[in-house]
Amino acid sequence: MPALTTTLYNTMTQRLEPVDTVEEGVVRLYVCGVTPQDRVHVGHARTFTTFDVLVRHLRASGHRVVFVRNVTDVDDKILLKSKERGEEPLAFSARMAELAKNDLRSCGCANPDHEPTVSGHIVEIIALVETLVAKGFAYVVDTAVGRDVYYDVKSFGAYGKLSHRKLDEAQAGARVAVVEQKRDPMDFALWKGCGESDWGWPSSFGKGRPGWHIECSAMAQKYLGNRLDIHGGAIDLIFPHHENEIAQSEAATGEPFSSHWVHGGFVTADQEKMSKSLGNFVTVEDVLSRNDAEAFRLFLLGTQYRGPLAFDVVKDDDGRVRFPSIDEAEKRADYFYTTLDLLEGLAAKEGAGDLPKHAMRTLFESTHPKVQEALDRDLNTPVVLALLGDHAKAMNELAGWLAKPKKAPCPEPQLLALAKLALTEWSACVVHVGLFQAAFPEYAARTRARRLGLRGLDEAAIEAKVQARAAAKTAKDFATADVLRGELVAAGIELTDSPEGTRWRVSP
RNA sequence: GGUGAGGUAGCCAAGUGGUUAGGCAACGGUUUGCAAAACCGUCAUACGAGGGUUCGAAUCCCUUCCUCACCUCCA
């Protein structure tokens, strides 16, 4: 088992700290997942992609990771929305959860090891609430419809340690819902009683539903034990959600809940946080209808996970929506894929020799350690992209040498050895970040189809025009060839002539 | 009011006190029938402002201006 060298910013201590594990050789990670009430948006995608990179990086570095990402399928908003649609709440949330899973998979995020739901863990939740009441950290309150259980924040001395706020200060400007029977305005519901005909589950407190927060404490404990190594989510969860989880879990077990707290920054649109409540969100479905998943991931990883990420939306004159920054990333994805395809084709040739002593070899050999180092330093993905860029640049130079061996600094067998090295090292790097999961032919086919569709172009018609231009070119009728090329370029088709013939692709 | 995160060249974005981050755009060059792609170069002695510490500060300290977020549901 290799040494764990990853450091991450810890919200609790407000410092960069090495990841440490309770049990040698296993990283236990819990990430707060979605409340399936609507489609997954770019903000969600960013957060879950961040943790997907963390998991992939740890695993690629030789560590075992147990990754839990929950689904909060019991929630007041779900009840409300399902009512509007005349659907059973759990049927509605199950349907939305399935869409969310698919959206995240489409973003290249690997499935977690466990994806527990609230509805599947009511028993554990009730038991935890009962423990908290028994230990004196929670109290029961009678209401008009049933019995609520509240967490008594004053009973937990460390309350506020994650968000670094003191109870009295937080209260000063707080806009918390006033419930008469609460002992403290900051007390929060563990269990919310409901009427017999309402959506809920029986418990020793009567029929009701779990409050927000308690489900994560219960499910984390069930799948990962009392002590987690890393708990993650976006920064808006620091307070109250994660603060409350700590209060519940630590009060119940008497053990520290999680060693590391990792929080991702927001995606903003027009300088504002993208969120459901503001209604300024763009769904993953929207993004992937316009751009490729690889481009989207490249865009997301272009900024370190803790900083804000601006998401631009532009409306063309014809009313078509575009995402300029993702279009830019898609051009970059094209570059990487084209480079890889080119070198793979050239490297397939037999006759590789020994590796030469050349600066390019040093570069190819240094990329992977540097990628490892960059990710170890708080998941510095922008640096990883820069490293991949340097690697790709060298691959292109090498491809040039293979195409014209006379201009190369070393003989062909050595060039072939370099090419194989470059490709092996590349593969070793990209598994850390989950980029370029699709093979080139798949990427090329799906981006071509999508771009043709978006531009309203017909593939056969373009192919015919490309052939017509090639024929004119062969006949040295460059005037005709250039007119045809002009028309194609105007339509968004890029042509690449080579000794092997002409290739074309649609611009992103 | 309390608590955080930021302000880096036209735009995006790294930066671990001390030799080039990187990308996009633009403009040159190599290459090409001409292009495109690719590669090389220029833009780039940039770090919100003002002080201070230091041989040396984007980085550490102080003051100040601006932006965003959390303190209500949020990834």
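Caption draft 1: Quick look at the overall build of chain A. Regarding its fold elements, chain A presents 16 helices and 17 strands. Projected onto its principal axes, the C-alpha coordinates of chain A cover approximately 90 × 55 × 35 Å. Considering chain A as a whole, with its 508 residues, one finds that 51% of them fall into the buried category. Intrachain contacts of chain A at a sequence separation of at least 6 include 75% that bridge at least 24 residues. By element, 52% of the accessible surface of chain A is carried by carbon and sulfur atoms, the whole surface being about 22800 Å². In chain A, which carries 61 positive and 71 negative side-chain charges, the distance between the mean positions of the two groups comes to 3 Å.

Caption draft 2: Structural view of the sheet that holds strand S7 (residues 188-193). Read across the open sheet, the four strands follow the order S5-S6-S7-S8; overall the sheet is antiparallel. Two strands bound the open sheet, and with one partner strand each, they are strand S5 (138-142) and strand S8 (208-210). Each strand axis lies, on average, 25° off the axis of its neighbour in the sheet, ignoring direction. Where S7 lies against S8, three bridges are found, and the strand directions are antiparallel. Following the sheet pairing, lysine 192 is matched in S8 by arginine 209.

Caption draft 3: Molecular detail of the environment of leucine 29. By the secondary structure assignment, leucine 29 is in strand S3 (residues 26-31). Overall, leucine 29 belongs to the buried group, its relative accessible area being 1%. Between the C-alpha atoms of leucine 29 and histidine 231, which are 202 residues apart in sequence, the distance is 5.8 Å. Setting aside anything within four residues of it in sequence, one finds leucine 29 in contact with Phe51, Leu54, Val55, Val66, Phe67, Val68, Leu224 and Ile230.

Caption draft 4: Region of interest: the pattern of salt bridges. Under the counting rule described, the total for this entry stands at 36 salt bridges. The shortest N-O distance in the salt bridge between arginine 69 and glutamate 115 comes to 3.3 Å. In this pair, arginine 69 sits in strand S4 (residues 64-69) while glutamate 115 sits in the loop between helix H3 (89-106) and helix H4 (122-134), placing the two residues 46 residues apart along the sequence. Residue arginine 450 pairs with aspartate 292 through a salt bridge whose shortest N-O separation is 3.5 Å. Of this pair, arginine 450 sits in helix H14 (residues 440-455) while aspartate 292 sits in the loop between helix H8 (284-290) and helix H9 (293-300); the two residues are 158 residues apart in sequence, bridging distant segments of the chain.

Caption draft 5: Geometry of the packing of helix H15 (residues 459-474) against helix H16 (residues 478-490). Interhelical geometry of H15 versus H16 gives an angle of 155° and a closest axis separation of 7 Å. Taken together, the axes of H15 and H16 lie roughly antiparallel to each other. Considering only the axes of H15 and H16, their crossing is left-handed. Mapping the contact onto sequence places Ile462, Lys465, Val466, Ala468, Arg469, Ala472 and Lys473 in H15 and Phe478, Thr480, Ala481, Leu484, Arg485, Glu487 and Leu488 in H16. Among the residues making up the contact of H15 with H16, the classes are represented as eight nonpolar, one polar and five charged.

Reading the values: rules and limits
- Residues numbered from 1 in each chain as written.
- Chains lettered and ligands numbered in written order.
- Predicted model: local features only at pLDDT ≥ 70, side-chain atom pairs only at ≥ 80, totals over all residues.
- Heavy atoms only, no water.
- Helix = DSSP H or I, 4+ residues; strand = E, 2+ residues; numbered from the N terminus.
- Buried < 20%, exposed > 50% of the residue type's maximum accessible area, 1.4 Å probe, protein only.
- Contact = heavy atoms within 4.5 Å.
- Areas by Shrake-Rupley, 256 points an atom, 1.4 Å probe, with all protein chains shown as cover.
- Lys, Arg positive; Asp, Glu negative; His and termini not counted.
- Charge placed at Lys NZ, Arg CZ, Asp CG, Glu CD.
- Pairing = 2+ DSSP bridges.
- Axes fitted to C-alpha atoms, helices over the stretch in contact; angles between N-to-C directions.
- Salt bridge = Lys/Arg side-chain N within 4 Å of Asp/Glu carboxyl O.
- Parallel < 35°, antiparallel > 145°, perpendicular 65-115°, else oblique.
- Left-handed = near helix turned anticlockwise from the far one by under 90°.
- Nonpolar A, V, L, I, M, F, W, Y, C, P; charged D, E, K, R; others polar.

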